[in-house]
Amino acid sequence: MLTKRKEASMTEFTHKRGDGKTFSKEDVKRLIGEYNIKFIKLQFVDINGQVKNMTVPSEQIDKIMNNEIMLDGSSIKGFRSIETSDMFFHPDLTTFQILPWREKDGANSARLICDIYNVDGTPFEGCPRCNLKRVMEAAEKMGFSMNIGAEAEFFLFAKDKDGNVTTTTQDHAGYYDVGPEDLGEDVRSDIVLTLQEMGFDIEASHHEVADGQHEIDFKYSDILTAADNVTTFKVAVRAIAAKHNLHATFMPKPIFGINGSGMHCNISLFKDGKNAFYDENEEYQLSEVAKYSVGGMLKHVKSFTAVTNPLVNSYKRLVPGYEAPVYLAWSLANRSALLRVPAKRGVSTRVELRSPDPSCNPYLAFAAILEACMDGIRNKIDPPAPVESNIYKLTAKERKKQRIDSLPGSLAEALEYLDKSLVTRAALGEHIFSEFMTSKKKEWDSFRTYVSKWELDKYLARY
């Protein structure tokens with residue numbers, strides 16, 4: 001962690017991108033000297049959302065800021081072939097940030113989140129961050145920008161004496177429990193303090209429903225910042241957990257029989273500086289833009305589920321009985337619906353999409369959600385009537401009568417819907433769509449042909 005002297009002056013690093021402030025090249029150079037920063041980590045993600053970085057000595061800062069640092073794109077999942085592998089880091093100076101957990105002997109490391117560019121100076125179409133910017137620009141031409149507040153849940157697991165990860169939870173507490181049952185309080189406190197040092201506006205933290213499950217909520221932001229924040233959040237959580245000899249996992253369903261981890265997304269659109277979802281004169285005080293956005297998400301959610309829930313394991317969470325949304329409906333309060341509208345209105349009017357999980361690539365997930373909303377607005381897609389009854393208690397016949405459909409039941413089924421969708425395909429772009437489909441089909445085929453312990457327990461002795 002940073003010293004108190006440095007913490008006191010860390011306000012320079014805690015600006016919000018939306019306030020119009022940024023670091024100049026001169027600012028970055030000055031801060032490198034002031035905070036004794038020895039290494040700069042150039043960070044980006046692959047198509048699966050896995051964080052990658054190249055570490056560069058801070059003496060190379062001029063080359064970094066002049067976009068002269070190269071990477072081998074052929075070594076990154078979903079990027080380039082070996083024949084066209086040269087690519088360049090283009091750092092976003094608004095993301096310059098000291099990594100508090102990397103301090104050693106008074107020396108610090110900082111990171112810069114980067115866009116990946118082609119040799120000819122154009123944004124690489126396979127860079128998830130560049131792709132999200134492309135979708136954002138298209139929405140801006142329609143007059144809209146999107147804010148998202150993501151709530152990523154995670155588990156803390158113990159390690160054995162050899163440092164291997166187990167599925168033994170650190171505690172047996174429940175929702176909103178306190179110590180001594182909630183043994184994760186100290187870890188969560190350290191995570192919150194670290195995130196605050198990094199400029200996160202933390203709203204709450206608490207124990208979740210399942211043993212060893214936790215949630216830390218931070219303030220919403222524009223979707224590019226939100227995607228950067230989710231990525232940073234996951235790295236920070238795992239780094240701080242490791243300092244407590246624990247493993248933090250964002251795997252959606254690590255333990256059978258208990259709740260899995262979701263990443264609820266609170267979504268709002270803004271136009272001309274005002275919340276475009278709010279209209280005090282309309283039914284429920286929801287504007288036509290809000291209703292069309294709900295209609296668009298309900299129409300396209302089956303096709304973007306492979307993006308928001310990208311693992312074989314994701315579909316072990318999306319089953320009835322564990323609070324995960326399964327049924328395609330919207331509601332004003334009902335948490336059994338896929339989409340719900342929290343009670344606050346005015347500037348806080350938003351729609352909560354409850355199906356995504358934290359294993360997703362947030363840049364791709366948010367691009368797909370935004371494109372679905374824009375399609376709803378373009379085509380004036382009206383949603384069905386809201387469902388206020390507990391959908392989990394409805395029979396299959398009752399759901400059919402109310403025309404309540406279900407999310408895909410497996411990654412294979414989700415990929416079939418994605419393959420047929422022009423809207424989600426457009427949100428990903430051709431390069432990412434092709435690479436994502438290829439990667440996920442391989443993942444499904446590997447799962448399909450693997451002989452699991454369940455099969456051995458079920459069949460080996462009997463047959």
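Preceding this paragraph is the structure being described.
Bear in mind that the values here come from a model prediction, so they are computed numbers and not experimental data.

1. Details of the pattern of salt bridges
For step 1, the next point in the chain: Per the stated rule, a full pass over the model turns up 18 salt bridges.
For step 2, the next point in the chain: With a shortest N-O distance of 3.9 Å, Glu 282 and Lys 291 are connected by a salt bridge.
For step 3, the next point in the chain: For Lys 291, a relative accessible area of 16% translates into the label buried.
For step 4, the next point in the chain: Its salt-bridge partner being Glu 352, residue Arg 340 comes within 3.0 Å of it at the nearest N-O pair. Of this pair, Arg 340 sits in strand β16 (residues 337–340) while Glu 352 sits in strand β17 (residues 351–353); the two residues are 12 residues apart in sequence, bridging distant segments of the chain. The pair Arg 340 / Glu 352 is uniform in exposure class, with both members buried.

2. So, the pairing of strand β4 (residues 86–91)
For step 1, the next point in the chain: For β4, the buried fraction is high: 5 of the 6 residues fall into the buried class.
For step 2, the next point in the chain: Relative to β4, strand β3 (residues 70–72) runs antiparallel, the two sharing 3 bridges. By the bridge assignment for β4, Leu 71 is matched with Met 87.
For step 3, the next point in the chain: Across 4 bridges, the pairing between β4 and strand β6 (residues 108–117) is antiparallel. Residue pairing across strands places Phe 88 opposite Tyr 117, the latter belonging to β6.

3. Some points on helix α11 (residues 411–419)
For step 1, the next point in the chain: Among the residues making up α11, those that are buried are Leu 411, Ala 414, Leu 415 and Leu 418. Buried residues in α11, looked at end-on, bunch into an arc of 100°, giving them a common side.
For step 2, the next point in the chain: The inward-facing, buried residues of α11 contact α7 (288–308), α8 (314–317) and α12 (422–449).

About the cut-offs
Residues numbered from 1 in each chain as written. Predicted model: local features only at pLDDT ≥ 70, side-chain atom pairs only at ≥ 80, totals over all residues. Heavy atoms only, no water. Salt bridge = Lys/Arg side-chain N within 4 Å of Asp/Glu carboxyl O. Buried < 20%, exposed > 50% of the residue type's maximum accessible area, 1.4 Å probe, protein only. Helix = DSSP H or I, 4+ residues; strand = E, 2+ residues; numbered from the N terminus. Pairing = 2+ DSSP bridges. Arc of directions from axis to C-beta. Contact = heavy atoms within 4.5 Å.

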